[in-house]
Structures are given as C-alpha cells and as structure tokens.
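Reading the structure
Below are the chains, spelled out letter by letter.
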Amino acid sequence: MSTGIQEHMHEAQGPQYFVDTEGTIHPWPKNTITTEQIAELGGWSVSQGVIEIDAENNEHQLKPGEVIELKPGHGFAKKVKFKRG
C-alpha cells in the first residue's frame, strides 16, 4: 500500500467502507474513492483501466480522476466490485 492510501486510512473517522477489487476486499475509511485509488488497491496501473460492476452486473468504465461515492448498507463488498479494464 502506498503512503497516500495509508494517509487516508489514518484519517478514518466514522463508518468504514469496503471495496472489492477482483475478489479481494479492502477496507476503506471514506465514502468516496478515486479511479486511481481503486487501481492502486487492486495492484494494477490505472492505464489498464478500471470498470465498476454494479449489483445488476452492469459495467461502467471509470475515467481517470473520477470520484466514486461509496454508500453504506449497499453491500459493496458483495455486490459492487471493480476490475481492471
């Protein structure tokens, strides 16, 4: 994990979120995450792309710099995941 993500983890106050990158669950301290942070958590380059897959299995290609809002209670660890593009 890079220093940038570690800094975000230490800023955590309140509810914790989870991000699923290709089947690996990562705790996340904030209700937002960027495309670059998702790629970093997943261990790939953002140049490979990031695809959001929602609860209905709809895919959405994320753009570099895009900010995604995570919502508690929606089961993101089980329903919404991200994969390289």
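1. Thoughts on the overall build of the chain
Along its length, the chain carries three helices and seven strands. Reading the chain from its N terminus to its C terminus gives the helix and strand order α-β-β-β-α-β-β-β-α-β. Expressed as a percentage of the 85 residues in the chain, the buried residues total 32%. Within the chain, counting contacts between residues at least 6 apart in sequence, those at least 24 apart form 56% of the total.

2. Some remarks on the nonpolar core
Counting residues in each nonpolar core, the largest one holds twelve residues, listed as Tyr 17, Val 19, Trp 28, Ile 33, Ile 38, Ala 39, Leu 41, Trp 44, Val 50, Leu 62, Ile 68 and Leu 70. Every element with two or more residues in this core is listed here: strand 1 (17-21) and helix 2 (35-42). It is helix 2 that provides the largest number of residues to this core, a total of three residues.

3. Quick word on unusual backbone geometry
Even without a glycine there, the phi angle at Glu 22 is positive, about 50°. Here Glu 22 lies in the loop between strand 1 and strand 2 (24-28).

4. Some thoughts on helix 2
Among the residues of helix 2, Thr 35, Gln 37, Ile 38, Ala 39 and Leu 41 are the ones counted as buried. Looking one or two residues beyond helix 2, the residue adopting positive phi is Gly 43, at roughly 85°.

5. Remarks on the pairing of strand 4 (residues 50-53)
Strand residues, when the strand is regular, have side chains that alternate between the two faces of the sheet. Side chains Val 50 and Glu 52 project from strand 4 onto one buried face, and the interleaved Ile 51 and Ile 53 project onto a second face that is buried too. One ladder, built from four bridges, connects strand 4 with strand 5 (residues 59-62); its direction is antiparallel. Paired with Ile 51 across the bridge in strand 5 is Gln 61. The turn linking strand 4 back onto strand 5 is made up of five residues, and Asn 57 within it adopts a positive phi angle of 65°.

6. What to know about the environment of Ser 47
Positionally, Ser 47 belongs in the loop between helix 2 and strand 4. For the pair formed by Ser 47 and Arg 84, sequence separation is 37 residues and the distance between their alpha carbons is 9.1 Å. A polar contact is formed between the side chain of Ser 47 and the side chain of Ser 45, at a distance of 2.7 Å.

7. Overview of the environment of Val 19
Assignment of secondary structure puts Val 19 in strand 1. For the pair Val 19 and Leu 41, spaced 22 residues apart in sequence, the C-alpha separation works out to 8.6 Å.

Conventions and cut-offs
- Going along each chain's sequence as written, the residues are numbered from 1 onward.
- With the structure being a predicted model, the display of local features is reserved for residues of pLDDT at least 70 and the display and counting of side-chain atom pairs for 80 or more, all residues being used for whole-chain, interface and lining totals.
- Water and hydrogen atoms play no part in the side-chain values, which are based on all heavy atoms of the structure.
- We count a stretch as a helix when DSSP gives it H or I for four or more residues in a row; a strand needs E for two or more, and each element gets its number in order from the N terminus.
- Burial classes: relative accessible area under 20% of the type maximum marks a residue as buried, over 50% as exposed, and values in between as partly exposed (1.4 Å probe, protein chains only).
- In what follows, residue pairs with any heavy atoms lying within 4.5 Å of each other are defined as contacts.
- Here the nonpolar core consists of buried residues drawn from Ala, Val, Leu, Ile, Met, Phe, Trp, Tyr and Cys, with membership extended through side-chain atoms lying within 4.5 Å.
- Any two strands with at least two DSSP-identified bridges between them are counted as paired.
- Any N or O atom pair separated by 3.5 Å or less is treated as a polar contact, with the protein-specific requirement of one donor-capable and one acceptor-capable atom, and with residues adjacent in sequence counted only for side-chain atom pairs.

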